[in-house]
Amino acid sequence: MEGATSKNYKHAEEDEAAVLAMAACSSYMLPMTLNAAVELDLFEIIAGAGDGAHLSASDVASRLTTAADGAAVVLGSMMQLLAANSLLTCSVDVLADGGVERRYGLSPAGKFFAKDEGGASLCQSLSFTTRVAGGALGFSVKDLVLFLVREGGNYMFERMYVKSFYELITRDVETGKLFNDSMGAHSAIVMKKVVKTYRGFEGLSRLVDVGGGGGSTLDAIVSEYPSIHGVNFDLPHVVNTAPSYNNIEHIGGDMFLEVPKGDAILLKNILHNWGDEHCVNILKCCYKSMPNEGKLIVMDYILPNTTQTDVHAKYASQMNLTMKILVGGKERTEDEFQGMATAAGFVEFKVVCSVYGIWIMEFIKLV
């Protein structure tokens, strides 16, 4: 094409499709590079340079405690890949000799890999998922997917590996710590936004968090709404080691049998661990423990009814397969959530808002 350059060349549709397929073949480079960046504290180094700071690869190399000669060349390629995937921003400076120097800053997405004021970041989640995907627990994600497909698609993790996924985690001390750190950091990041976005906690007097673990989710809510008395409900061995929080009591039990009473009940990332029958059972137990006009607050991912390619749909689809193969659960569409709510006796269902890919829904009891 006469006069064409790489800047104005228009790619044909077939070219775009081929490159998309080829990029998928080398897609492993992004998580590997992201892991390396986290181990090198790259995001923390840029964050530590100040708000809005942009550093060159040489700047980053000079801040590393151990960096060989030529490290800046590799760092430059790493940072370019991260910028191409919107995890860093990039600006170009023209040098006196006519050359260029790329300088990189934290993008809105990249900021989540630098610690917030509470010390939380997504680095903990990345470390855990990398360890699991890397086979540290003695199983292959690919082999597990193939096994499930060939055996009819039913949950067979325990059949393949004798123990459940959660049992494997608790058996391995390092992985167990990574899992707890990952869940804690993820929850802290999400809940800090939730309490500022969702207004459904206003006016509540007694809120029960079912499957609340150590109680950090309730603590975030009660700290923002001190008039709420929080009840953290989980298995006895979980709450027995839970820390103390102001205005929060810990109660042990089984959510499939009975749930503590409250004018509102919270299920945060609980239902996607279970199949439909178990979920309806949980919802019925919650229904019984709520007064008329009581509110069940459900936080979970929502799958689109039709295939979508936006980042929210991709994330929900990744979580759907993750839950399916590891614990036998699944993510659901809005219609599926409403169907379960109706089956459990709830009259009113509504989707209220979304925070970082997690949707907040309300199931209302009316008798």
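Here the residue numbering is sequential within each chain, running from 1 through the sequence in written order. Under the rules for a predicted model, residues below a pLDDT of 70 receive no local features and side-chain atom pairs below 80 are neither given nor counted, while totals for whole chains, interfaces and linings still include all residues. As a rule here, side-chain values come from all non-hydrogen atoms in the structure, and water together with hydrogens is ignored.

With that out of the way, let us pick up the sheet that holds strand β1 (residues 55-56). Pairing is antiparallel in the open sheet, where 3 strands are placed in the order β1-β3-β2. Among the strands making up the open sheet, the edge pair consists of β1 and β2 (88-94). Alignment of β1 against strand β3 (residues 100-106), held across 2 bridges, turns out to be antiparallel. Looking at the pairing, L55 lines up with Y104 of β3. By definition in these notes, contact holds between two residues if any of their heavy atoms fall within 4.5 Å. Only the stretch in contact is used when fitting a helix axis, every axis being a line fitted to C-alpha atoms; angles between N-to-C directions are given from 0 to 180 degrees. Helix and strand definitions here come from DSSP, where helices need a minimum of 4 consecutive H or I residues and strands a minimum of 2 consecutive E residues; each element is numbered from the N-terminal end. Seen against the sheet, helix α5 (residues 71-84) touches β1, β2 and β3 and runs at an angle of roughly 55 degrees to β3. Pairing between strands is defined by DSSP: at least two bridges between them are needed.

In this section: the pattern of salt bridges. Any Lys or Arg side-chain nitrogen located within 4 Å of an Asp or Glu carboxyl oxygen qualifies as a salt bridge. In total, this model carries 14 salt bridges according to the counting rule given. Of the charged contacts in the structure, one is a salt bridge between K192 and D116, with a shortest N-O distance of 3.3 Å. Of this pair, K192 sits in helix α10 (residues 173-197) while D116 sits in the loop between β3 and α6 (123-133); the two residues are 76 residues apart in sequence, bridging distant segments of the chain. Exposure remark for K192: the relative accessible area of 37% places this residue in the partly exposed category. The closest approach of N and O atoms between D276 and R332, which form a salt bridge, is 3.0 Å. Of this pair, D276 sits in helix α13 (residues 276-288) while R332 is found in strand β10 (residues 332-333), placing the two residues 56 residues apart along the sequence. When a residue's accessible area, from a 1.4 Å probe over protein chains only, is under 20% of the maximum for its type it is buried; when over 50% it is exposed; and in between it is partly exposed. Overall, D276 belongs to the partly exposed group, its relative accessible area being 37%. Taken together, the salt bridges that share partners define one network made up of D59, D93, E101 and R103.

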